[in-house]
Amino acid sequence: MAARRSTLTDQLIGRQVILLAALLFVVGVAQYLILRTVLFQSTARSLHDEISVLAPLIHHTISSRGLLGFSHIANILVNRLRGPGVEVVITNALGHVMASSSTLHAMVPPLYATPYFIWNGRVVVDAVLGNPYYPSGYVWLMTSVAPIHGILRRDAELYVFLASISLILAGWLGSFSVRHVMGPLEKIRDSTRKIAAGEFGHVTEFHDAPQEIQELTQAINVMSLAIRDLFEQEKALSERMRQFVADASHELRTPLTAINGFLDLMYKSELTPEEQQKALAAIRAQSQRMARLVSQLLTLSRADTAPDALVHPVPLALDRWLSELEATWRALVAPRPLTLDITSVSVLADPDRMTEVFFNLLDNIARYTPPDTTVSIVTRHDPPWGLVIIEDSGPGIAPEDLPHIFDRFYRGDRARSSSSGGSGLGLSIVKALIEAQDGQIAVETLPPPYTGTRFHIRLREAPRPEPKPPYTRPD
């Protein structure tokens, strides 16, 4: 049977109790040491007070009566100082015991230059009799340490009892406090379980939780919503991919069927020379159509995996480049009139890829707009960008299609796209090529009373070369 793992609540309560126990232990030890010192010092002070009262009398007796008087006064002092729990030892200057009430008759305490010391289980104080430099004798007062230890023991027992009660109360009250704080975390745990079970988009709201809990909740909510959006995007992308595969299969199957049919007829020699020429032309056209589709798929694949290798930007003067290809663009959109409004702008772009971009955009206009549509190309400065605007006066793009116009595999008007031979990849390729050149592209439908579509292409302006200093002939 697996052992039960401790919960975070148990750990927090346990650490709280352990921390309090450590604190109480430190306080208890400090209290014990302080009380012990105070009791010893108080006992030593009372013994010193006894000696200080009788010291002048002893000194006077020794001075007036000599050693015989000292022996007599020593016995009197012992009887005077002896009390409950107090022992007295008096010696002469040579260390011979003159009088004693101690049960340790064979032992004389040592002399220490300290307020008191502990000797044989007793608190001992000492004093010099007579002249400090030529003493006549010494006196020791002693009392047992047992009463002090008894007081310390009772105090320690009382402290341990009160500390134990405090720890029990702290654990009991702390459990309520910790469980109250852990309440929001349990809700967050339940929320994450729902998300893990597939309930993407589930959110949890707290209004009175601590700031850290609210921040954690907000992060989980953002993650949940992001996962939901990703799954919805993935689902939509999968649906578009499925539709595209179906369309691509249909478009590839149609030319392959035609090619196989013509080749079969040619193989059986059932065509006249004139019919064979037409069959070869049809085979060539269908092969070019398939090659174009495969090329588009390869371009998008490279844009996904290695966009830096797809383009090679160089400083490109748009005015000169557009002028050189003006005839090509006019032929592409003919019979539609083409207007160029060109400003001298130099951008960082790949000329070959930009040709592909313009070809796709203008080919779109040629496919999906009436012959009387006007087309214009405009270049402008928009620091730090160079701006290219391609606009037509056709019917425009439907509002429901506009947000998806650059999506891969998206075909708004399916009937029209199929009849025109479009694969739904042209504008996706345009966006991929522009972004691979660190540019931006956007599209809008012109508002009434105008009609048509306007594409905005922004490319980074090429840095201008620094002017060379004027040449000066050396002297």
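Structure's up top.
Not measured: the values here are computed from a predicted model.

Topic: the overall build of the protein chain
In terms of regular secondary structure, the protein chain is built from 10 helices and 12 strands. Among the 475 residues that make up the protein chain, the fraction classed as buried is 34%.

Quick look at the pairing of strand β10 (residues 385–392)
By the criterion of burial, β10 is predominantly enclosed, with 7 of the 8 residues buried. Pairing between strand β9 (residues 375–382) and β10: 8 bridges, direction antiparallel. Each residue of the ladder has a partner; that of V378, found in β10, is I389. Count of turn residues in the β9/β10 antiparallel hairpin: 2 residues. In the sheet, β10 pairs with strand β12 (residues 453–460) via 7 bridges, with the strands oriented antiparallel. Looking at β12, one finds that W385 is bridged to R460.

Focus: unusual backbone geometry
Note that the residue after A334, namely P335, is joined by a cis bond; omega there is 10°. Of note, the amide linkage connecting P383 to P384 takes the cis form, showing an omega dihedral of 5°. The topology assignment puts P384 in the loop between β9 and β10. Of note, the phi angle at N120 is positive, near 50°, even though the residue is not glycine. Note on placement: N120 falls in the loop between β3 (117–119) and β4 (122–130).

Quick look at the side chain of T373
For T373, the location among the structural elements is in the loop between α8 (351–368) and β9. Judged by relative accessible area, T373 falls into the buried class, the value being 2%. Among the polar contacts listed, one links the side chain of T373 to the backbone oxygen of P370, at a separation of 2.9 Å. If near-sequence neighbours (up to four positions away) are discounted, T373 is found in contact with R336, P337, D392, S393 and G394.

A short note on the packing of helix α7 (residues 326–333) against α8
Between α7 and α8, the least distance of the axes is 9 Å, while the angle of their chain directions is 25°. In terms of their interaxial angle, α7 and α8 are classed as roughly parallel. Seen along the crossing, α7 lies across α8 with a hand that is right-handed. Of the residues in α8, those touching α7 at W329, L332 and V333 are T355, F358, F359, L362, D363 and A366.

Quick look at the pattern of salt bridges
Pairing of side chains with opposite charge becomes possible as their charged atoms draw close. Tallying each qualifying case throughout the model produces 11 salt bridges. The salt bridge partner of R460 is D438, with a shortest N-O separation of 3.3 Å. Here the residue R460 occupies a position in strand β12, and D438 occupies one in the loop between α10 (426–436) and β11 (440–445), the gap between them amounting to 22 residues.

Observations regarding the sheet that holds β3
Reading across from one edge, β2-β1-β5-β4-β3 is the order of the 5 strands in this open sheet, with antiparallel pairing throughout. Each edge of the sheet is formed by a strand with only one pairing partner; in this case those strands are β2 (97–100) and β3. Neighbouring strand axes in the sheet, compared pairwise and without regard to direction, differ in orientation by 30° on average.

Examining the environment of Q286
Its place among the elements puts Q286 in helix α4 (residues 273–305). You can call Q286 partly exposed: its relative accessible area is 21%. A C-alpha to C-alpha distance of 8.6 Å links Q286 and T254, two positions 32 residues apart in sequence. Excluding anything up to four places from it in sequence, Q286 contacts P255 and I259.

Observations concerning the pairing of β4
Each regular strand displays side chains that alternate between the two surfaces of the sheet. For β4, a buried count of 7 out of 9 residues is recorded, marking the element as mostly surrounded by other parts of the structure. Strand direction decides the pairing type here: β3 and β4, joined by 3 bridges, are antiparallel. Across the sheet, I118 pairs through a bridge with V123, a residue of β4. Adjacent in sequence and paired antiparallel, β3 and β4 are bridged by 2 residues, among which N120 carries a positive phi angle near 50°. Two strands pair when backbone bridges link them, and β4 and strand β5 (residues 135–144) are joined in this way by 9 bridges, in the antiparallel orientation. Residue pairing across strands places V124 opposite M142, the latter belonging to β5.

With respect to the sheet that holds β9
Each strand in a sheet pairs with another by means of backbone hydrogen bonds, the pair being arranged parallel or else antiparallel. With mixed pairing, the 5 strands of this open sheet are ordered in space as β7-β9-β10-β12-β11. Across the chains shown, the open sheet's two edge strands, defined by having one partner strand only, are β7 (338–341) and β11. Taking the axes of each pair of neighbouring strands and ignoring which way they run, one obtains an average angle of 15° across the sheet. In the packing of α8 onto the sheet, contacts are made with β9, β10 and β12, and the angle to β10 comes to roughly 25°.

Digging into the packing of α4 against α10
Between α4 and α10, the shortest axis-to-axis distance is 10 Å and the interhelical angle comes to 35°. Remark: the crossing between α4 and α10 carries left-handed chirality. In contact with Q296, T299, L300 and A303 of α4, α10 contributes S428, I429, A432 and L433. Counted by class, the contact of α4 with α10 contains 5 nonpolar, 3 polar and no charged residues.

A short note on the packing of aromatic side chains
The tally for this structure, following the rule as stated, stands at 7 aromatic pairs. An angle of 40° between the planes, with centres 6.2 Å apart, marks the rings of Y138 and W140 as tilted. Classification of W140 by relative accessible area gives buried; the value is 2%. Judged by centre distance (5.2 Å) and plane angle (80°), the rings of W321 and F358 are edge-to-face. Of this pair, W321 sits in helix α6 (residues 318–324) while F358 sits in helix α8; the two residues are 37 residues apart in sequence, bridging distant segments of the chain.

Rules behind the numbers
Residues numbered from 1 in each chain as written. Predicted model: local features only at pLDDT ≥ 70, side-chain atom pairs only at ≥ 80, totals over all residues. Heavy atoms only, no water. Helix = DSSP H or I, 4+ residues; strand = E, 2+ residues; numbered from the N terminus. Buried < 20%, exposed > 50% of the residue type's maximum accessible area, 1.4 Å probe, protein only. Pairing = 2+ DSSP bridges. Polar contact = N/O pair within 3.5 Å; in protein donor to acceptor, adjacent residues only side chain to side chain. Contact = heavy atoms within 4.5 Å. Axes fitted to C-alpha atoms, helices over the stretch in contact; angles between N-to-C directions. Parallel < 35°, antiparallel > 145°, perpendicular 65-115°, else oblique. Left-handed = near helix turned anticlockwise from the far one by under 90°. Salt bridge = Lys/Arg side-chain N within 4 Å of Asp/Glu carboxyl O. Nonpolar A, V, L, I, M, F, W, Y, C, P; charged D, E, K, R; others polar. Phe/Tyr/Trp six-rings, centres within 6.5 Å; stacked < 30°, edge-to-face > 60°.

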